[in-house]
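Survey of secondary and tertiary structure
Residues per chain are reported as follows:
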Amino acid sequence: MAAFPDFIGGRVAVKVGDITREDVDALVNAANGSLMGGGGVDGAIHRAGGPAILDECKAIRSSRYPKGLPTGEAVLTTAGRMTARHVIHTVGPVYGSVDAEAKLAKCYRNCLAVAVDHGLATIAFPAISTGVYGYPREEAAIVSSRAIQVHLDESPRIEQVRLVFFAAEDAAAFLRHHVFS
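First, a word on what this report is: a plain description of the structure on this page. (Residues numbered from 1 in each chain as written. Predicted model: local features only at pLDDT ≥ 70, side-chain atom pairs only at ≥ 80, totals over all residues. Heavy atoms only, no water.)

Regarding its fold elements, the protein chain presents five helices and seven strands. In the protein chain, the succession of helices and strands from N to C terminus is β-β-β-α-α-β-β-α-β-α-β-α. Relative to a compact globule of 181 residues, whose C-alpha radius of gyration would be 16 Å, the protein chain shows 15 Å and is just as compact. By the burial criterion, 49% of the 181 residues in the protein chain qualify as buried. Accessible surface, the protein chain: about 8,200 Å² in total, of which carbon and sulfur atoms supply 53%. Side-chain charges in the protein chain split into 18 positive and 19 negative, and the spacing between the mean points of these groups amounts to 5 Å. (Helix = DSSP H or I, 4+ residues; strand = E, 2+ residues; numbered from the N terminus. Rg over C-alpha atoms; globule rule 2.2 N^0.38 Å. Buried < 20%, exposed > 50% of the residue type's maximum accessible area, 1.4 Å probe, protein only. Areas by Shrake-Rupley, 256 points an atom, 1.4 Å probe, with all protein chains shown as cover. Lys, Arg positive; Asp, Glu negative; His and termini not counted. Charge placed at Lys NZ, Arg CZ, Asp CG, Glu CD.)

Picture a little ball the size of a water molecule; that probe, rolled over the atoms, points out where space is still empty. Considered as a void within the structure, the largest pocket measures approximately 740 Å³ in volume. Lining the largest pocket are 34 residues, with Val-41, Pro-126, Ala-127, Thr-130 and Gly-131 sitting closest to its centre. Put simply, the parts of the chain that give the lining of the largest pocket at least two residues each are strand 3 (26-31), helix 1 (40-49), helix 4 (137-154), strand 7 (160-165) and helix 5 (168-177). (1 Å grid on protein atoms, 1.4 Å probe; cavity = no way out; pocket = protein on both sides within 12 Å on 5 of 7 lines; lining within 4 Å. Points joined across faces, edges and corners; volume = space filled by probe spheres on them.)

In this structure, Val-12, Ile-88, Ile-123, Phe-125, Ile-148, Val-161 and Leu-163 are the most contacted members of the largest nonpolar core, which totals 37 residues. Contributing elements (two or more residues each) for this core: strand 2 (12-16), strand 3, helix 3 (100-117), strand 6 (122-125), helix 4, strand 7 and helix 5. Examining the composition of this core, we find that 10 residues originate from one element, helix 3, more than from any other. Ignoring anything within four residues of it in the chain, the contact list for Leu-163 reads Val-12, Ala-13, Val-14, Lys-15, Phe-125, Ile-148, Phe-174 and Phe-180. Counting residues in hydrophobic clusters, the runner-up holds 19 residues, among them Val-24, Ile-60, Val-87 and Val-91. (Core = buried A, V, L, I, M, F, W, Y, C linked by side-chain atoms within 4.5 Å. Contact = heavy atoms within 4.5 Å.)

Taking 1.5 Å of rise per residue, the 13 residues of helix 2 (residues 51-63) would be expected to cover 18 Å, and the 18 Å separating its terminal C-alpha atoms lies within 8% of that figure. For helix 2, the secondary structure elements touched by its buried residues are helix 1, strand 4 (74-78) and strand 5 (86-91). (Expected span 1.5 Å × (residues − 1).)

This part takes up the sheet that holds strand 2. Spatially, 1-2-7-6-3-5-4 is the arrangement adopted by the seven strands of the open sheet, whose pairing is mixed. Among the strands making up the open sheet, the edge pair consists of strand 1 (6-7) and strand 4. Both strand 3 and strand 6 contribute to a ladder of two bridges, which runs parallel. The residue of strand 6 that forms the bridge with Leu-27 is Ala-124. (Pairing = 2+ DSSP bridges.)

The next point concerns unusual backbone geometry. In this model, Ile-8 sits at a positive phi of 50°, which is unusual for a non-glycine residue. Phi is positive for Ser-129, which is not a glycine, with a value near 75°. Residue position: Ser-129 is located in the loop between strand 6 and helix 4. A residue is classified by how much of its surface remains accessible, and Ser-129, at 6% relative accessible area, is buried.

What follows covers the pairing of strand 5. Burial analysis of strand 5 places five of its six residues in the buried class, the great majority of the element. Bridging between strand 3 and strand 5 involves six bridges; their strand directions are parallel. Bridge pairing links Ala-31 to Val-91 in strand 5. Relative to strand 5, strand 4 is paired through five bridges, and the arrangement is antiparallel. Bridge pairing links Ala-74 to Thr-90 in strand 5.

Written out as structure tokens, the structure reads:
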């Protein structure tokens, strides 16, 4: 596997691999608003974690978000059978929708805030909205790295953010376009 640079004094790491295998306090699910599972990262997380994740998602839907999780919001569940302890579910924007850039940044900010609120120190993100939601990888790299940088500059509580890309080409695109200082 290729070695990738890290950023912000090692607090941000870039990886290529299967996010469901990350040993972190929380991994982020690029969910759909139903929270009932789906394709891509969402389906992989639900399959790897097992039914406990779906059970907690159903409880969240019935108690807090009966119409579905709004774009940019984030909620915490168990990680079920995965090594990670928790899953933070967030719904990314569809590219070209109203305020897509602000909503994508909100996904990253809210996931980091949920992690801090629950005393979590390590978190792994997929590339939110860059799959079927059509967000260009290059633009997503700018938005995500800026949101992560701002949060980490303001809060020492998060020890490490892992950006886990499924394919090497996705990691390479991120590395060409991030704005970490």
